[in-house]
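The primary structure of each chain is shown beneath.
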Amino acid sequence: MLKKFIFIVLLFLQSFNLKADEGMWLPMLLQTINADALYSKGLKIPIDSIYSVNKTSLKDAIVHFGGGCTGEIISNKGLLLTNHHCGYSQIQSHSTVEHDYLTNGFWAKNMSEELPCPGLTATFIIRIDDVTDAIINQVNGLKEDERNKKVKEISEQLIKKAIEGTHYSADIKPFYYGNKYFMIVTEIFKDVRMVGAPPSAIGKFGADADNWMWPRHTGDFAIFRIYADKNNQPAEYSKDNVPFIPRHSFPISIKGVKENDFTMVYGFPGRTQEYISKEAVRTIIENTDPNRIKLRDIRLKIMGEAMRNNDTIRLQYASKYANVENAYKKWQGEVLGLKRLNAIEKKADFETKFISWTKNVKDGQDYANAVIQLNELYQKIRPYSAALDYYAEGIKGIDLLNFAGNFTKLEKLCEKEPVDEKALSDAVDQLKKSANGFFKNYNAGIDKAIFEQLIQEYRNGTPNDLVADLSMIDKKFKGDYHKYTEYIFGKSHFSDLAKTEKFLSNFSAKKLKSLTNDPAYHLMNVCAVAYADKVSIPYKNLMNEIELLQRTYMKGQMEMANDEKQKIYPDANMTLRLAYGKVEGYEPRDGIVYKYYTTLTGVMEKYDSTNYDFNAPAKLLDLYRKKDFGEYGSNGNITPCFLASNHTTGGNSGSPVLNAYGQLIGTNFDRVWEGTMSDIMFDPERCRNITLDIRYTLFIIDKFAGARWLVDEMNIVK
């Protein structure tokens, strides 16, 4: 039965009618699945030049950057290109008021000036192996919890065998909701140093106003370098380490792009949900996204106002604000896009067709029951989903409560008999270090304002039977949230560094009550316990049922696709994927047509020296006036950004955008707002990825920053 199913998977993947440029494809299956489509679109290199385990290929120049973005190798000395927003926290960590690299940029003049970035990693893919056969036969028929445990057990055995005697790491991930499994063998480098970053007025030009938007003029890039030991293998930071010599680095084309040119995006897309049921989509449109948008809007307004009025706060909260704002704006576009596409109705139509198809196939009743039961479960889970949103975005959106929650480890250690004094002392020391990091980027006034509003939202928005008991606000403070906020922050040990240090300086098991009686710690604990007892367990149980049914529904969709000579790609799960499309503009609304590129003239049009988001460096303005674009411009201007129809999502930030010859033509950094629903439903008419043109990157490095030594490292194809 398993062999027959795998045969069906391969068969439907081979017989395919590609809808526009939708898809995030597994690179090791390109030869079998996508070869004809790739060549018909314009690919000019052999498929095994994209992915191979037997020879150097494009995959060897791609890294998973810091676990959340993508980066690409652009020199034979380990030079790494990614997005400014991917390296933002590293730039921020090196910034001070005296050395404000966020505002002024940073450019090492030589390798000795490159800055270490503790904790930052760059991960290469060595190979991807299909291990479905080794897992599926042993887990069929098991309950979901038992199945997950068994998959973990088998995976650990397979991984141990695969990496034995090597310095590699490995992970096994499910695809198609657990209908397939692949093992990803990796090489992780831990000495990554910051080499260069433009000022935020270039790297973040347009900031929040332009985020997810087109036309775009953002120079969203940063340069790092990977270092290795003398044997060219991964090593912890050491001054004796040397620049890594990569298996492959991308040649860089400065020919430029034109409309309808073939493009590829090669990277690590994060998460998509293309195959969920209509009630799952309804939950996103009508419940989950609106809840999260409302709660993040509160935080953003409070942080934004404070940042505009104080440079120190702007530096402290820059990365935090960007992280909160990114998903907030994406969810807004997602809801609008799904509504415009009539996504719920389209899903319903598909399900009607699907159920009709199931009547004539083996296991058809199981497939039909799966989609029917999925829709019922998504209606049942909505109250718990709302409670999760208000806890995750409300309670956990308050910095003080998150920080206080870190001290639960002390309570657990103190409750053990006998108390392990060394472990307790180590935990205290660790908390002392983390306190310094936390308060470096913390402002109690901002957090108070956020606290006062989010606590109210949490109580009002969480279903009554699932909310924590915070009746003391009514009893002791007569419903006055301002007084309650002042009480929490005034009495807590954890609202400023001095009080936290004093609390930790003489902490012992005998002083446990001073922790458990702390109002912020107590509040966090009450909310966490309520969430664990009332929400987490039933939510998890329902999600286990959903996961099991989704696996069956997915299997049915795969078989139906095969019957109709279609193919469907697995949802993104932060694994290496290839998307392909072409350079093209789009029509966002009736009567509006966007061309596929922008020019530096657009920066001048948006430029406003009184607006932080649209200010521009004087040197950039001067270069524009002089038309001093070097070899990177054309027709008296230069192109910061261009559009293409590659299917991307979060995680693709920093991904190389390649031409038909596998040469680097840009760096992916965003999607258009009208296309953000592509994680759930792709629209070929409006889904576009936004690319930073590599010529603009080189122009900034060379002409603006004067860092020609970096360009000289690269292989420039003219």
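Rules of the game
Residues numbered from 1 in each chain as written. Predicted model: local features only at pLDDT ≥ 70, side-chain atom pairs only at ≥ 80, totals over all residues. Heavy atoms only, no water. Helix = DSSP H or I, 4+ residues; strand = E, 2+ residues; numbered from the N terminus. Rg over C-alpha atoms; globule rule 2.2 N^0.38 Å. Buried < 20%, exposed > 50% of the residue type's maximum accessible area, 1.4 Å probe, protein only. Contact = heavy atoms within 4.5 Å. Axes fitted to C-alpha atoms, helices over the stretch in contact; angles between N-to-C directions. Parallel < 35°, antiparallel > 145°, perpendicular 65-115°, else oblique. Left-handed = near helix turned anticlockwise from the far one by under 90°. Nonpolar A, V, L, I, M, F, W, Y, C, P; charged D, E, K, R; others polar. Phe/Tyr/Trp six-rings, centres within 6.5 Å; stacked < 30°, edge-to-face > 60°. Lys NZ or Arg CZ within 6 Å of the ring centre and 35° of its normal. Salt bridge = Lys/Arg side-chain N within 4 Å of Asp/Glu carboxyl O. Disulfide = S-S within 2.5 Å.

**Some details on the overall build of the chain**
Then, in step 1: Along its length, the chain carries 26 helices and 19 strands.
Then, in step 2: For the chain, whose C-alpha radius of gyration is 26 Å, the value lies close to the compact-globule estimate of 27 Å for 718 residues.
Then, in step 3: C-alpha atoms of the chain, sized along the principal axes, occupy 70 × 70 × 60 Å.
Then, in step 4: Counting every position in the chain, which comprises 718 residues, the buried fraction comes to 57%.
Then, in step 5: Counted over contacts in the chain with a minimum sequence separation of 6, partners at least 24 positions apart contribute 78%.

**Brief notes about the packing of helix H17 (residues 444-461) against helix H19 (residues 481-491)**
Then, in step 1: For the pair H17 and H19, interaxial distance at closest approach is 10 Å and the crossing angle is 125 degrees. Considering the angle they form, H17 stands oblique to H19. The crossing of H17 and H19 is right-handed. Contacts between H17 and H19 involve Ala444, Asp447, Lys448, Phe451, Glu452, Ile455, Gln456 and Arg459 from the first element and Tyr481, His482, Tyr484, Thr485, Glu486, Ile488 and Phe489 from the second.
Then, in step 2: Counted by class, the contact of H17 with H19 contains seven nonpolar, three polar and five charged residues.

**As for the packing of aromatic side chains**
Then, in step 1: Tallying each qualifying case throughout the model produces 34 aromatic pairs.
Then, in step 2: With a centroid separation of 5.7 Å and 80 degrees between ring planes, the pair formed by phenylalanine 124 and phenylalanine 189 is classed as edge-to-face. A residue pair is termed long-range when its members are at least 10 positions apart, and phenylalanine 124 in strand E6 (residues 122-130) and phenylalanine 189 in strand E8 (residues 180-189) qualify at 65 residues. Comparing phenylalanine 124 with phenylalanine 189 shows no difference in burial state: the two are buried.
Then, in step 3: Among the aromatic residues, ring-to-ring pairing joins Phe403, Phe407, Phe438, Phe439, Tyr442, Phe494, Phe503 and Phe507 into one connected group.
Then, in step 4: Directly above the ring of tyrosine 227 sits arginine 193, whose terminal nitrogen or CZ lies 3.6 Å from the centroid.
Then, in step 5: Lying across the ring of phenylalanine 124, arginine 247 places its NZ or CZ 5.6 Å from the centre.

**Description of the pattern of salt bridges**
Then, in step 1: Summed over all chains, the structure comprises 48 salt bridges.
Then, in step 2: The residue aspartate 240 makes a salt bridge to lysine 239 at a minimum N-O spacing of 3.7 Å. Residue aspartate 240 shares its accessibility class with lysine 239, and that shared class is exposed.
Then, in step 3: The shortest N-O distance in the salt bridge between aspartate 311 and arginine 314 comes to 3.6 Å. Residue aspartate 311 and its partner arginine 314 are both found in helix H11 (residues 311-340); the two are separated by three residues, about one turn of the helix.
Then, in step 4: Using a relative accessible area of 54% as the deciding quantity, one classes aspartate 311 as exposed.
Then, in step 5: Under the relative-accessibility criterion, arginine 314 is labelled buried at 12%.
Then, in step 6: What you see here is one network of salt bridges that share partners, running through Glu631, Asp702, Arg708, Asp712 and Lys718.

**Points about the state of the cysteines**
Then, in step 1: Throughout the structure, instances matching the rule amount to one disulfide.
Then, in step 2: Cysteine 69 shares a disulfide with cysteine 86; S-S distance 2.2 Å. Residues cysteine 69 and cysteine 86 share a disulfide whose torsion about the S-S bond is about -85 degrees; that sign makes it left-handed. With cysteine 69 in strand E2 (residues 69-73) and cysteine 86 in the loop between strand E3 (79-82) and helix H4 (88-93), this pair connects stretches of sequence that are 17 residues apart.

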